[in-house]
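Working through the structure, step by step
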Amino acid sequence: MSTTTQAAHESMYEAVLARLNAAAQIINLPESVTEVLRHPQKEVKVSLPIVMDNGKIQVFDGYRVVHSTHLGPSKGGIRYAMDVNEDEVRALAAWMTFKCAVADLPYGGAKGGIKCNPRQMSEGELERLSRAYAKAMKDVFGVNKDIPAPDMGTSGREMAWILDEFNKVTGEDSPGVITGKPVGLGGSLGREAATGRGVMVNALQAMAKLNIHPKSATAVVQGFGNVGSHAARLLAEQGIKIIAISDASGGYYDEKGIDIQDALNYTAKNNKSLEGYSKATKITNEELLTLKCDVLVPAALQNVISEDIAQKVNCKIIIEGANGPTYPEADPILNSKGIIVVPDILANSGGVTVSYFEWVQNKMGYYWSEEEVNQKHDEKMKTAFEKVWQNAQKYKISMRIAAYITALEKIQLGIKMKGHF
Ligand code: GLU
């Protein structure tokens with residue numbers, strides 16, 4: 001492995017900068033703008049001492065990085081996972097800046113995280129941890145300042161605790177300070193399935209460009225969490241045959257197509273896991289990623305499509321449901337194979353798009369039907385896809401770099417109009 005490859009593999013933020021620099025060069029972005037965007041605006045790290053159920057105190061590391069507020073308050077999720085660290089949160093925050101700009105939302109980008117293993121913690125421990133995090137971030141979060149949401153390892157439950165604690169500490173009642181809330185607490189209809197829905201809409205757009213008809217198409221979905229399971233269900237509803245799915249327990253393959261509703265029913269009764277699902281053949285993660293199919297949806301973790309996997313991938317379209325599933329070194333390989341990669345900052349922007357709708361509804365105190373939310377979402381997603389597609393044609397580049405260009409053009413304008421750095 002070369003040193004640059006090694007460096008990129010070690011730092012996710014380096015991977016962001018590599019793509020930022022590539023896009024900046026193509027559009028001759030003023031160096032001052034690139035320089036500003038290379039540096040997150042604010043980084044906060046806190047230690048969170050929690051009384052565990054066994055009576056002992058354990059101290060957890062919590063982070064929040066605000067990458068940019070050039071286009072509005074910063075927006076981005078909070079993840080609970082063991083590999084959370086400064087570099088990862090910084091990279092994810094920067095991706096949110098570009099994601100919000102691509103989706104044309106009036107937001108900058110941020111991300112937060114707590115280094116913990118939520119699967120091994122009780123509900124009480126998770127509640128104490130979420131509340132401690134909210135308290136520690138009381139000066140960072142704000143309805144017009146920095147607006148968190150769920151990410152890996154968190155859901156509406158954690159958002160409700162964080163909202164409640166934030167409101168208690170600040171003495172305000174401000175539902176829009178956090179999105180992805182349960183519907184009864186000011187959450188938006190359609191928010192939970194929104195990221196998966198965005199994946200579906202992007203897949204249909206890309207398939208249309210290649211004249212692939214959904215009824216004769218096959219797809220492979222890696223990951224069966226919030227993003228992957230909704231994406232698989234919604235793709236199947238369009239008539240696409242889902243030939244393989246996976247989760248942490250492994251891959252499950254059936255060339256005749258997996259009944260997604262049946263798999264969903266199974267996980268609902270099986271501690272959210274596909275472990276033991278016997279209606280499909282068990283395959284490895286690598287076998288899953290390299291299956292012959294029309295659409296591959298990596299919707300699990302970052303860094304799954306390495307150079308090696310990229311050589312073996314056998315699909316026409318990749319829709320990046322996860323954040324950062326492809327190593328920068330794999331990009332040229334996928335491009336040379338003619339695979340259309342709809343990049344994360346476009347492909348999974350459905351979630352933050354409906355977060356934006358949730359925030360708007362909270363501000364109005366007036367709520368929309370699910371159909372209205374979905375319709376507004378689909379429109380926004382199609383416009384974003386088309387803009388990125390046009391830029392890819394115009395500059396003769398990949399959709400990934402075109403998405404960065406689309407974002408940078410908007411951010412640059414914002415910075416220029418504000419006239420300050
Ligand atoms: N965590 C999601 C993402 O990475 C959603 C962020 C949000 O809704 O603010 O896009």
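Just so we're clear, the structure is a prediction, and the values are computed from it rather than from any experiment.

With that settled, the discussion passes to the environment of methionine 152. For methionine 152, the location among the structural elements is in the loop between strand 6 (146-147) and helix 6 (156-170). Residues methionine 152 and isoleucine 78, spaced 74 residues apart in sequence, show a C-alpha to C-alpha distance of 7.5 Å. Excluding its chain neighbours within four sequence positions, the residues that come into contact with methionine 152 are Ile78, Arg79, Tyr80, Ala300, Leu301 and Gln302.

So, about the side chain of serine 273. Mapped onto the secondary structure, serine 273 falls in the loop between helix 9 (260-269) and strand 10 (281-283). Setting aside its immediate chain neighbours within four residues, serine 273 contacts Asp247, Ser249, Tyr266 and Thr267.

The ligand sits among 14 residues. The nearest are Lys75, Lys99, Pro150, Asp151 and Ser355. Between a nitrogen atom of the ligand and a side-chain N or O atom of aspartate 151, the distance comes to 2.7 Å. Contact distances for the ligand include 3.1 Å between an oxygen atom and a side-chain N or O atom of arginine 191. It is helix 14 (residues 350-364) that provides the largest number of residues to the shell around the ligand, a total of three residues.

On to unusual backbone geometry, then. One non-glycine residue, asparagine 211, lies in positive phi territory at about 60 degrees. Looking at the element boundaries, asparagine 211 is found in the loop between helix 7 (194-209) and strand 7 (218-222). Unusually for a residue other than glycine, lysine 272 sits at a positive phi of about 65 degrees. Tracing the chain through its elements places lysine 272 in the loop between helix 9 and strand 10.

Here the focus is the nonpolar core. Membership of the largest hydrophobic core comes to 71 residues, with the highest contact counts inside it found for Phe98, Ile245, Ile319, Val342 and Met399. Take this core: its biggest share by element is ten residues, from helix 16 (residues 399-418). Ignoring anything within four residues of it in the chain, the contact list for phenylalanine 98 reads Val16, Leu20, Leu37, Ile345, Tyr404, Ala407, Leu408 and Ile411. Counting residues in hydrophobic clusters, the runner-up holds 26 residues, among them Met52, Ile114, Phe141 and Trp161.

To continue, consider the environment of lysine 410. You can see lysine 410 is positioned in helix 16. Judged by relative accessible area, which is 26%, lysine 410 ranks as partly exposed. Considering only alpha carbons, one finds lysine 410 and aspartate 104, 306 residues apart in sequence, at a separation of 8.3 Å. In this structure the side chain of lysine 410 is engaged in a polar contact, spanning 2.8 Å, whose partner is the side chain of aspartate 104.

Further remarks concern the packing of aromatic side chains. The full count for this structure, using the stated rule, is ten aromatic pairs. Geometrically, the ring pair formed by tyrosine 107 and tyrosine 356 is edge-to-face, given 5.7 Å between the ring centres and 90 degrees between the ring planes. With a gap of 249 residues between them, tyrosine 107 in the loop between helix 4 (86-102) and strand 5 (108-115) and tyrosine 356 in helix 14 connect regions that are remote in the sequence. Of the two residues, tyrosine 107 and tyrosine 356, both sit in the buried class. Relative to tyrosine 277, the ring of tyrosine 266 has its centre 5.2 Å away and its plane inclined at 65 degrees; by these criteria the two rings are edge-to-face. Of this pair, tyrosine 266 sits in helix 9 while tyrosine 277 sits in the loop between helix 9 and strand 10, and the two are eleven residues apart along the sequence. The exposure class of tyrosine 266 is partly exposed, given its relative accessible area of 25%.

Moving on, we come to the sheet that holds strand 8 (residues 241-247). If you walk across this open sheet you meet the seven strands as 10-9-8-7-11-12-13, and the pairing is mixed. If you trace the sheet from one side to the other, it starts and ends with strand 10 and strand 13 (340-342), each paired once. For this sheet, the mean angle separating the axes of adjacent strands, direction not counted, is 20 degrees. For strand 8 and strand 9 (residues 250-253), the ladder comprises four bridges, and the chain directions are antiparallel. Directly across from isoleucine 245, in strand 9, lies its bridge partner tyrosine 252.

A few words on the pattern of salt bridges. Counted under the stated rule, the structure contains 28 salt bridges. Arginine 79 serves as the salt-bridge partner of aspartate 151, at 2.7 Å between the closest nitrogen and oxygen. Highlighted residues: aspartate 151 in the loop between strand 6 and helix 6 and arginine 79 in strand 4 (residues 78-81), separated in sequence by 72 residues. Arginine 79 gets classed as buried once you look at its relative accessible area, which sits at 3%.

On to the pairing of strand 5, then. Strand 5 sits mainly inside the fold: seven of its eight residues count as buried. Looking at chain direction, strand 3 (residues 74-75) and strand 5 are connected through two bridges and run parallel. When the sheet's bridge partners are listed, serine 74 is paired in strand 5 with glycine 108. Where strand 4 and strand 5 come together, four bridges link them in parallel fashion.

This paragraph deals with helix 5 (residues 123-136). Look at helix 5: 20 Å from first C-alpha to last across 14 residues, which is about the 20 Å you get at 1.5 Å a residue. All of the buried residues in helix 5 are Glu125, Leu126, Leu129, Ser130, Arg131, Tyr133 and Ala134. On its buried face, helix 5 is in contact with strand 1 (42-51), strand 2 (57-68), strand 4, strand 5 and helix 6.

Rules behind the numbers
Residues numbered from 1 in each chain as written. Predicted model: local features only at pLDDT ≥ 70, side-chain atom pairs only at ≥ 80, totals over all residues. Heavy atoms only, no water. Helix = DSSP H or I, 4+ residues; strand = E, 2+ residues; numbered from the N terminus. Contact = heavy atoms within 4.5 Å. Near = heavy atom within 4 Å. Polar contact = N/O pair within 3.5 Å; in protein donor to acceptor, adjacent residues only side chain to side chain. Core = buried A, V, L, I, M, F, W, Y, C linked by side-chain atoms within 4.5 Å. Buried < 20%, exposed > 50% of the residue type's maximum accessible area, 1.4 Å probe, protein only. Phe/Tyr/Trp six-rings, centres within 6.5 Å; stacked < 30°, edge-to-face > 60°. Pairing = 2+ DSSP bridges. Axes fitted to C-alpha atoms, helices over the stretch in contact; angles between N-to-C directions. Salt bridge = Lys/Arg side-chain N within 4 Å of Asp/Glu carboxyl O. Expected span 1.5 Å × (residues − 1).

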